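Coordinate analysis (summary)
The lines below spell out each chain.
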Amino acid sequence: MPRLMSVEELESFRAELRAARDPKRPCLTVCAGSGCTAAGAHDVLAGLRKMLEKHGLQDAIDLKSTGCHGFCERGPLMIVWPEGTFYNQVVASDASAIVASVSNGHVPVEKLLYRDPVSGKRVIHEEEVPFYARQQRVLFGNNGKIDPKDIKDYLHVGGYAALARVLSSMSPEQIVDAVTRSGLRGRGGAGFPTGVKWKVCRENPAPRYLICNGDEGDPGAFMDRSLLEGNPHSVVEGMIIGAFALGAQEAYVYVRAEYPLACEHVRAAIDQAEEYGLLGDDILGTGLKLRIHVVKGAGAFVCGEETALIASLEGRVGEPHPRPPYPAQKGLWGRPTVINNVKTWASVPVIINRGPEWYAGIGTEKSKGTMVFSLVGKINNTGLVEVPMGITLREMIYDIGGGIPGGKALKAIQIGGPSGGCIPAKLIDLPIDYERLTEAGSMMGSGGMVVMDETTCMVDIARYFMEFLEDESCGQCFPCRKGTQRMRQILARICAGNGTEDDLPLLEDLGWLMKQASLCALGQTAANPVLTTLRYFRDEYLAHIRERRCPAKVCRELIFYEIEPTLCDGCHACVHVCAGQGILGEKGQVHTIDRAKCTRCGACLEVCQPKAVRVGTGELVCQN
Amino acid sequence: MPKLTINGIEVLVEKGTTVLEAARFFGIPIPTLCHDDGLAPASACRLCVVEARRGLEAKSKLLAACSLPAEDGLVVHTNSARVQRARQLLIELYVATCPSSKRIQDLASAYGVHECRYEAEHETCIQCGLCVRMCEQQMMAGAIGFAGRGADRHVSRPFDKTSERCRQCGACLYVCPVCELRCAGPAAESTLCNGCLNFAPVCFQSYNDAMCFLDPCHACELAGPLRPDVKIKTRANATVLSGEKQ
């Protein structure tokens, strides 16, 4: 492929590409994002390939692996184009039915269509699935259409058009102005206005650097990963536009080493863009230079913090340093650096293509555009969700997420990663934007959203997150290092039924201190899970302390197992699984649990067919 | 020259000055545990936090004065209620970590911290990093450094062996704010009596009780105050066994 030497050449190449592709030609796209890969997408791909070859259709029907579609709960997913027939939970053995349906006039395979859980009807297209219906997939929309390893696919759907546009008709100042007017705010968590950051960087002398922050470390979050895996060119294009606006010639993509596929796809995207003359020494013949390097993170949560990330890039210990000076003033190698999240970079081409006014029209007064959440936990439709800012939690949980499994009640939603806060079910009508989440004691964060139902103990959850943060605190500044340690100790004490009421104001004081006096955002937000659970679920803490009772029946030291004699059929199943030989009773007779021997592992509960094993809490629990 | 406001007083300072240096120059005290004039600021102990509002920002923030550049239009309060509360809570946490350090006890008494709600930990290090920076920036040796992360983070020698670069100068011990003899003051039941002994830094390595990166020295071997068989006199004339732990 010869390098594209001008904007016109790019456009004529795109026109050639479009002309060469028959829009009516059938194409099977299988999601090969991490979720679907784990669910067996590659087996499906192999099955389909084999079936196409068997019928000699490999030249008539295209087969493609794409990035994440978001509906990971129902994976592996696939779409049959040009009809857009959406299949879910496909297995390799379905390949013959699918290929047969495509070659026989596109009659959808009934059993692979998504069944609406409310109406029970099968739906054909992706957008008719309730999970997708309320979404606005500005960044993720192309994930299901393109092969992330093929730049031609990206060009085919209009990729690099924004780059062509800025190179031919916009000045760097106009780009910064457009980003400012779009109201785009950093998608990494803090929500700092991107345009302001770019402006500050431009005011400082060159050389300037760009960094794409792909060190997504939140448990249960995979937005950045899916974007890098599924549409890496959108990020690369955003960075090239940024480099033009900021006069940078070197850029870095910092990706977690735990994301091998993301690293591979970004590298491939950069290589292809260089090959096509969209990146490198003379971008589209305009003389613009940019090199993008991919750097793998070594696995520290704190390296997602921008100053720690820069330290890690420079080869130093990944510890944050105080701001000011901000990276936009003094960042990588002491030079002005713009560091933005993966989704922020990917938003830039969208803003250029569709105009800042269009982008600013989405969302609320201060939070514009769309936000990507990874919806996980006790929710029917696990997956990646892209919604306009300002959508309420109720729409998120019930309309998109499909509600709580097992008919259980919603208890809380934890938003913003491990240091986000837990928002109680009573605030379900809260609109999701930066300010409202902060007011509620949580934060937007990078977009993790963990749904909890009534079987979740809020004290235990606070302890779990504090354990994670204690481990991930870099340990440099005292309030964060000691604060997380002490908080975890106190919470463990409360979970064990040994807490006192004095512990609660102590936790609040400690949380206040960490929020106020810690060096970086990790420490400043680390107390959020504790402070919000104390604010909204204080009664649960008090039940643990005053009554030695765990209302959700989770904390092991505060619960006991017992067998309801009227239900026990003496099948002996529980006796066999009890590792501590804590269940007494002959076969055929009513069993009892010896509480002194019971480790409260719950194994008997799982095997008991007549559901005679019950969990209790609140009585005097024997110590062992 | 940047013009800033500290506690309501407008002051002019040299460019490149930090707020801590500016405040101290004008006689306004700010406590520190990890700061030393000859070393780069670490912003680790957070005791020097001040309430600062920069130019157009709507809200003031607590920022470490030692690394905060004195800029035009900066408004700083070094002793507001918020700062005081943060310092008191910090000191309480410090007392719990290293109850026997004289420096920390003095701070507790100066800032009115009279109780400690945490269990005492008796750690030998608060990770202020003074020793590491002293070794690297003043002694030009870099023989010690930090290893590990979070709760595991600690000052260490490379591969736990004395580095060839170590000249046994003892500067690390000299700057350490906490590796002093554990206080066994006049009132044994209180850890905050402030009546502790103020011994010159000594070598503890052979007793594994505090960090010393030097080889055991002659004085230490002869009269090391932590040797359990040597009796020492306290200021309050109470005799204690120096090896006893509280």
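Residues numbered from 1 in each chain as written. Chains lettered and ligands numbered in written order. Predicted model: local features only at pLDDT ≥ 70, side-chain atom pairs only at ≥ 80, totals over all residues. Heavy atoms only, no water.

1. Describing the overall build of chain A
- Across its full length, chain A holds 25 helices and 20 strands.
- Taking 2.2 N^0.38 as the reference for a compact globule, 624 residues should give roughly 25 Å; the C-alpha atoms of chain A span a radius of gyration of 27 Å, in line with that estimate.
- With respect to the principal axes defined by its C-alpha atoms, chain A has extents near 85 × 65 × 40 Å.
- Across the 624 residues that make up chain A, the buried fraction comes to 59%. (Helix = DSSP H or I, 4+ residues; strand = E, 2+ residues; numbered from the N terminus. Rg over C-alpha atoms; globule rule 2.2 N^0.38 Å. Buried < 20%, exposed > 50% of the residue type's maximum accessible area, 1.4 Å probe, protein only.)

2. Description of the layout of surface pockets
- Taken as a whole, the second largest pocket holds about 1000 Å³ of empty space.
- If you go around the second largest pocket, you meet 32 residues; those closest to its centre are Arg316, Glu319 and Gln476 of chain A together with Pro41 and Ala42 of chain B.
- Elements supplying a minimum of two residues to the lining of the second largest pocket: helix 4 (130-138) and strand 6 (145-147) of chain B.
- The element contributing the most residues to the lining of the second largest pocket is helix 4 of chain B, with four residues.
- The residue makeup of the lining of the second largest pocket, split by class, is 16 nonpolar, 10 polar and six charged. (1 Å grid on protein atoms, 1.4 Å probe; cavity = no way out; pocket = protein on both sides within 12 Å on 5 of 7 lines; lining within 4 Å. Points joined across faces, edges and corners; volume = space filled by probe spheres on them. Nonpolar A, V, L, I, M, F, W, Y, C, P; charged D, E, K, R; others polar.)

3. Here's the deal with the sheet that holds strand 1 (residues 3-6) of chain B
Residues and elements named next belong to chain B.
- On the basis of which strands lie adjacent, the open sheet formed by five strands has the order 2-1-5-3-4 and mixed pairing. Single-partner strands in this sheet number two, and they are strand 2 (9-12) and strand 4 (61-64). Shown here is a sheet whose adjacent strand axes are inclined to one another by a mean of 35 degrees, direction ignored.
- Sheet topology places strand 1 next to strand 5 (residues 75-77); two bridges connect them, and they run parallel. Looking at the pairing, Ile6 lines up with Val76 of strand 5.
- Lying on the sheet, helix 2 (residues 81-97) is in contact with strand 3 (49-53), strand 4 and strand 5; it crosses strand 3 at an angle near 150 degrees. (Pairing = 2+ DSSP bridges. Axes fitted to C-alpha atoms, helices over the stretch in contact; angles between N-to-C directions. Contact = heavy atoms within 4.5 Å.)

4. Some points on the domain arrangement of chain A
- With domains assigned, chain A is organised as domain 1 (9-132), domain 2 (151-359), domain 3 (370-453), domain 4 (458-546) and domain 5 (556-623).
- One C-alpha centre belongs to domain 3 of chain A, the other to domain 5 of chain A; they are set 36 Å apart. (Domains from an automatic or database assignment.)

5. A short note on the environment of Val102 of chain A
Residue and element names in this part refer to chain A.
- You can see Val102 is positioned in helix 4 (residues 95-103).
- A sequence separation of 21 residues divides Val102 from Trp81, and the C-alpha atoms of the two residues are 9.4 Å apart.
- Contacts of Val102, omitting those with residues within four sequence positions, involve Pro26, Leu28, Ile61 and Val80.

6. Overview of helix 18 (residues 458-472) of chain A
- With 15 residues, helix 18 of chain A extends 21 Å between its outermost C-alpha atoms, agreeing within 8% with the 21 Å of an ideal straight helix rising 1.5 Å per residue.
- Of all 15 residues making up helix 18 of chain A, 11 are buried, and the element is well covered by its neighbours. (Expected span 1.5 Å × (residues − 1).)

7. Notes on the sheet that holds strand 10 (residues 288-297) of chain A
Residues and elements named next belong to chain A.
- The strand order across the open sheet formed by five strands is 9-10-8-7-11, and the pairing between neighbours is mixed. With partners counted over all chains shown, the strands left at the sheet margins are strand 9 (280-283) and strand 11 (337-341), one partner each. Direction aside, neighbouring strands of the sheet carry axes that sit 25 degrees apart on average.
- Strand direction decides the pairing type here: strand 7 (residues 208-214) and strand 11, joined by five bridges, are parallel. Bridged to Cys212 within strand 11 is Asn340.
- Against the sheet, helix 11 (residues 232-246) engages strand 7, strand 8 (248-256), strand 9, strand 10 and strand 11, with an angle of about 155 degrees to strand 7.

8. Notes on the interface of chain A and chain B
- Counting from both sides, the interface comprises 33 residues of chain A and, opposite them, 35 residues of chain B.
- Summed over both partners, the interface of chain A with chain B comes to about 2900 Å²; 53% of that surface belongs to carbon and sulfur atoms.
- The three residues of chain A that bury the most area against chain B are Phe478, Arg486 and Trp512 of chain A, which together make up 23% of that side's buried surface.
- In this structure, the connection of chain A to chain B is made through eight salt bridges.
- For Glu472 of chain A, the salt bridge identified is with Arg149 of chain B, shortest N-O distance 3.2 Å.
- Among the secondary structure elements, those contributing two or more residues to the side of chain A that touches chain B are helix 18, helix 19 (478-495) and helix 20 (503-517) of chain A.
- When residues of the side of chain A that touches chain B are assigned to their parent elements, the largest contribution, nine residues, is made by helix 19 of chain A.
- Classifying every residue of the side of chain A that touches chain B gives 14 nonpolar, nine polar and 10 charged. (Buried area = accessible area lost by both parts, 1.4 Å probe. Salt bridge = Lys/Arg side-chain N within 4 Å of Asp/Glu carboxyl O.)

9. Structural notes on the pairing of strand 1 of chain B
All names here are of chain B.
- Relative to strand 2, strand 1 runs antiparallel, the two being bridged by four bridges. Looking across to strand 2, one finds that Lys3 is bridged to Leu12.
- The hairpin formed by strand 1 and strand 2 contains two residues between the paired strands, and Asn7 there has a positive phi angle of roughly 50 degrees.

10. Side note on the packing of helix 11 of chain A against helix 14 (residues 342-354) of chain A
Residue and element names in this part refer to chain A.
- Direction vectors running N to C along helix 11 and helix 14 enclose 75 degrees, while the axes themselves pass 7 Å from each other. Regarding the angle of helix 11 to helix 14, the classification is roughly perpendicular. Each of Ser234, Val235, Glu237, Gly238, Met239, Ile241 and Gly242 in helix 11 lies in contact with helix 14, whose residues at this interface are Val342, Trp345, Ala346, Val348, Pro349 and Ile352.
- Split by residue class, the contact of helix 11 with helix 14 holds nine nonpolar, three polar and one charged. (Parallel < 35°, antiparallel > 145°, perpendicular 65-115°, else oblique.)

11. With respect to the pairing of strand 14 (residues 410-415) of chain A
All names here are of chain A.
- Counting buried residues along strand 14, six of its six residues qualify, which places the element largely inside the surrounding structure.
- In terms of strand pairing, strand 14 meets strand 16 (residues 448-453) through five bridges, oriented antiparallel. Note on strand 16: the bridge partner recorded for Gln414 is Val450.
- Examined bridge by bridge, strand 14 and strand 15 (residues 421-424) share four bridges and lie antiparallel to one another. Note that in strand 15 the partner of Ile413 across the bridge is Ile423.
- Here strand 14 folds back onto strand 15 in antiparallel fashion, the turn holding five residues, of which Gly416 has a positive phi close to 100 degrees.

12. Examining the environment of His55 of chain A
- As for its placement among the helices and strands, His55 of chain A is situated in the loop between helix 3 (41-54) and strand 2 (62-66).
- As for His55 of chain A and Ala100 of chain A, which are separated by 45 residues in sequence, their C-alpha atoms are 9.3 Å apart.

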